[in-house]
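# Descriptive analysis of the structure
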Amino acid sequence: MNLGDVSLGCAWALVDQLAREGMRHSCLSPGSRSTPLALALERHPGIQVHVHLDERSSAFFALGIAKATSDLVAVACTSGTAAAELFPAVVEASQSRVPLVLLTADRPPRLRGTGANQTIDQVELFGRYARSYIEPAVPAGPGDEEAWALAGADAARSARLGPVPGPVHVNCPFEEPLTPSPDVRLPDPGPVEPTRLPASPSTYENLKLIERLAATERGLFVVGGLARPEPAILDLAEAMGIPVIAEPHSGLRLPGRSLSAGTALAVAMGEGLIGPPEILVRFGAYPTSRALQALDAEATYLVVVGDEHLDPDPEGRAHERILLPDRSVASGLGRAAPETGRVRWTEGADAASRRAIDELISSWDEPFEGRIARDLAAVVPEGASLIAGSSMPIRDLDGYMAPRSGLCVLANRGASGIDGFVSTALGVAATGAPTYALSGDLTFLYDIGALVWNARRGLHATFVVIDNGGGAIFDFLPQKALAEHDRLFTTPHDQDIGALCAAAGAGHARVERAADLTTAIEAVAGSSGIQVVEVASDRRLNVERHEQVRTAVARALSSA
C-alpha cells in the first residue's frame, strides 16, 4: 500500500461519512492536489458529481442545489487560489443559512509559509463566514481513516444542525504521491443515516401579544425570505383577520391568503394614502423593498420574530424580539389566538390597487420590467422553481407578482450580490425541478462562464434576461444625478446576448413586445437544454412607467 492509497482511503472515509449523513450532490473543479477527494467523490455510488472548470461557479452551483433541496452539498477543489475562489458563495451561504461543506485540498502543514508552489495559508481561510474549521491530520498510514470519518461527521452536523446552519470548511492536506495504485480497493459504502434536525419548541404562547393583536383593527404581518414556507403564519393571520404581505421568496404569497398588492400598499402607507399598521409583526429575513423596511418606523408597535436569519432588525427598531423559529412562534400563537371573524382592514385597498396595477401595465405594448416579472411568475408551470436575480428583478417580482401556488421562488438574498447567479440557477436545475430564472443583463453577463461551461452538459433551464443596456437599479438611486452615472454605475455594454448564447450552445429568442413574452416562454417549455429569452427594455422609460404605476395606485386608493 503506497501513500496514494492511504490518502484515497482517508478521503473515502470522509466522503462516505458525508454520504451517510445524507449528502447526495457534490461539485468539483480539476486539480492535482485534490486527486484523493476527486476520486473518492467520483467512485462513491451514492454521490452525484458535477464538474466545473471555475471554482467560483462550482460553489454557486452547489449553493443552488442546496437551496433547492435543503440538503447538504459539498464543494471540492485543489489548493491555492482555487480555494479562495469559493469565498463569494461561502459568504452567500453563510448569510442565507445554507449548508455547504467546503473540501479544500492543501499542501501538508510543513510547506506552509515556505513559498512552495500553489500554496497559500488556507487555515480558517473563510473566517467567521464558516461555521467551523476542521483539518484532519495528513494521511500517513492505515488507521488514519477514522479521524477523517470523524471530520465528515463533525462537518455535516455543524453545517446542518447549528447553532445556525451554514458552510463548514474542511481543509484536507495530502502528501505526494497523490494517485493510488490501479488495483486499490475501497470499502463498501455504509448505510445512510439521515441527520436528525433538532426539534424546535412546539409552542410559544404570549398572551399579551395575542391580546394586542386581538384588540387592534390594524395589525399587519410582513413575511420576508424563509428557508422553507411556514403555513402556520398564514393560519394565525386568517384566524385573527390580519392581512399578510409576503415576499415572493417566503413561499407564502398564495391566492386568498396574502395581499395581492402588498408592496404597493406598503408604499401607500408610507405616503399617508392608507393609515399605517398599529402592530406590525415581521417574520423571516429583513425585507427586500425599502417600502416594507420603512414600515418598521411607521408602526406603533413592532415585533420581530425568528432565530434562523441574519439579524432581521438591523436598525434596532423592534419593541419586542422573539428569538425562536418562525414556525414555533406562529403555531404557538395560533393555539392561543381567538377567531375574530373580522375582515382584513386592507381588503378593499388591496383589490383596488391590484386592479389598477394590472389594468395599467397590461395596456403598455413595450415590455415594462414589472410586467415581465408578473407574467413570468404567472406562466411558469406548476412545481417549477423561479430564481430571481438581485437588484431590480427581485424587487419587480416583489412589486408585481400576483399570488399563486405551486411555485418555489429562490434568490441569493443573504448577501444580495449578482455574482454567481447563472451558476446558482443551474444548480437548481441539476436537481431535476423545472427551472426558470429572471435577471438583468449585467447579472447574466457577470456569470457568462457558467453558461459557456454548462450549456452542452444536459441541464434544462430557461433564463429570462432583461436587456436594458446596463444596471437599471441605479436609475432609481441618488447616483442618477451624477455626471458619471452611466460610465461608473449603470456600466452600459455592447454585448450581443444572442451571439453569446449561440457560441455557448444555448437556445435564444428575443422579445420586443410585452404580449409576446408569454408566447416565447411557452414556446421553449418543451425544448431541451438551456434556453435564453432576451427581453428588450428602455431603461429611462422604465423609470417613468414605475412612477405611472405609483400614480395609478394612489388614484385608485383615493377613489376607493
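Heads up: the structure comes first, above all this text.
Described in the following lines is the structure provided in the data block. Note that the structure is a prediction, hence the values are computed from the model and not measured.

Calculation criteria
Residues numbered from 1 in each chain as written. Predicted model: local features only at pLDDT ≥ 70, side-chain atom pairs only at ≥ 80, totals over all residues. Heavy atoms only, no water. Helix = DSSP H or I, 4+ residues; strand = E, 2+ residues; numbered from the N terminus. Contact = heavy atoms within 4.5 Å. Axes fitted to C-alpha atoms, helices over the stretch in contact; angles between N-to-C directions. Parallel < 35°, antiparallel > 145°, perpendicular 65-115°, else oblique. Left-handed = near helix turned anticlockwise from the far one by under 90°. Nonpolar A, V, L, I, M, F, W, Y, C, P; charged D, E, K, R; others polar. Pairing = 2+ DSSP bridges. Buried < 20%, exposed > 50% of the residue type's maximum accessible area, 1.4 Å probe, protein only. 1 Å grid on protein atoms, 1.4 Å probe; cavity = no way out; pocket = protein on both sides within 12 Å on 5 of 7 lines; lining within 4 Å. Points joined across faces, edges and corners; volume = space filled by probe spheres on them.

### Focus: the environment of L397
- Along the chain, the position of L397 falls in helix α14 (residues 392-400).
- Distance from L397 to A515, taken between C-alpha atoms, is 18 Å for residues 118 residues apart in sequence.
- When residues no more than four places from it in sequence are discounted, the contact partners of L397 are P248, R253, A373, A377, L386, A388 and V409.

### What to know about the packing of helix α9 (residues 262-270) against helix α10 (residues 290-298)
- Packing of α9 against α10 brings their axes to within 9 Å, and their N-to-C directions diverge by 40°. With respect to α10, the element α9 is oriented oblique. Along this stretch, α9 crosses α10, giving a crossing that reads as left-handed. Between α9, through T263, A266, V267, M269 and G270, and α10, the contact on the second element is made entirely by A291, L292, L295 and E298.
- For the contact of α9 with α10, a count of residues per class yields 6 nonpolar, 2 polar and 1 charged.

### Some remarks on the sheet that holds strand β6 (residues 168-173)
- Strands sit in the order β2-β1-β3-β4-β6-β5 across an open sheet of 6 strands; the sheet is parallel. On the outer flanks of this sheet lie β2 (48-51) and β5 (133-134), each paired with one strand and no other.
- Here strand β4 (residues 100-106) runs beside β6; their pairing, made up of 6 bridges, is parallel. Each bridged residue has a counterpart across the sheet, and for D106 the counterpart in β6 is P173.
- Contacting β1 (25-28), β2, β3 (73-77) and β4, helix α3 (residues 55-69) runs over the sheet at an angle of about 170° to β3.

### Quick notes on the pairing of β6
- Summarising burial for β6: 6 of the 6 residues are buried, a large majority.
- Burial along β6 is two-sided: V168, V170 and C172 and H169, N171 and P173, pointing in opposite directions, are all buried.
- Bridge count between β5 and β6: 2 bridges; the pairing is parallel. Paired with I134 across the bridge in β6 is V170.

### Concerning the side chain of N412
- Inspection of the secondary structure puts N412 in the loop between β13 (407-411) and α15 (421-429).
- Residue class for N412 comes out buried when judged on its relative accessible area of 7%.
- The residues touching N412, leaving out its near neighbours within four places in the chain, are F60, L63, K67, E92, S390, G417 and T424.

### A few points about empty space enclosed by the protein
- Here the structure, examined in full by the defined rule, presents 2 cavities of 30 Å³ or more.
- By volume, the largest cavity is sized at about 50 Å³.
- Lining of the largest cavity is provided by I387, A388, G389, S390, A411, N412, G417, I418, F421, T424 and T443.
- Of all elements in the fold, only β12 (384-388) and α15 reach the threshold of two or more residues within the lining of the largest cavity.
- Across the lining of the largest cavity, the residue classes tally to 5 nonpolar, 6 polar and no charged.
- The calculated volume of the second largest cavity comes to roughly 30 Å³.
- Taken together, E366, P367, F368, S537, D538, L541, N542 and R545 form the lining of the second largest cavity.
- In terms of residue class, the lining of the second largest cavity is made up of 3 nonpolar, 2 polar and 3 charged.

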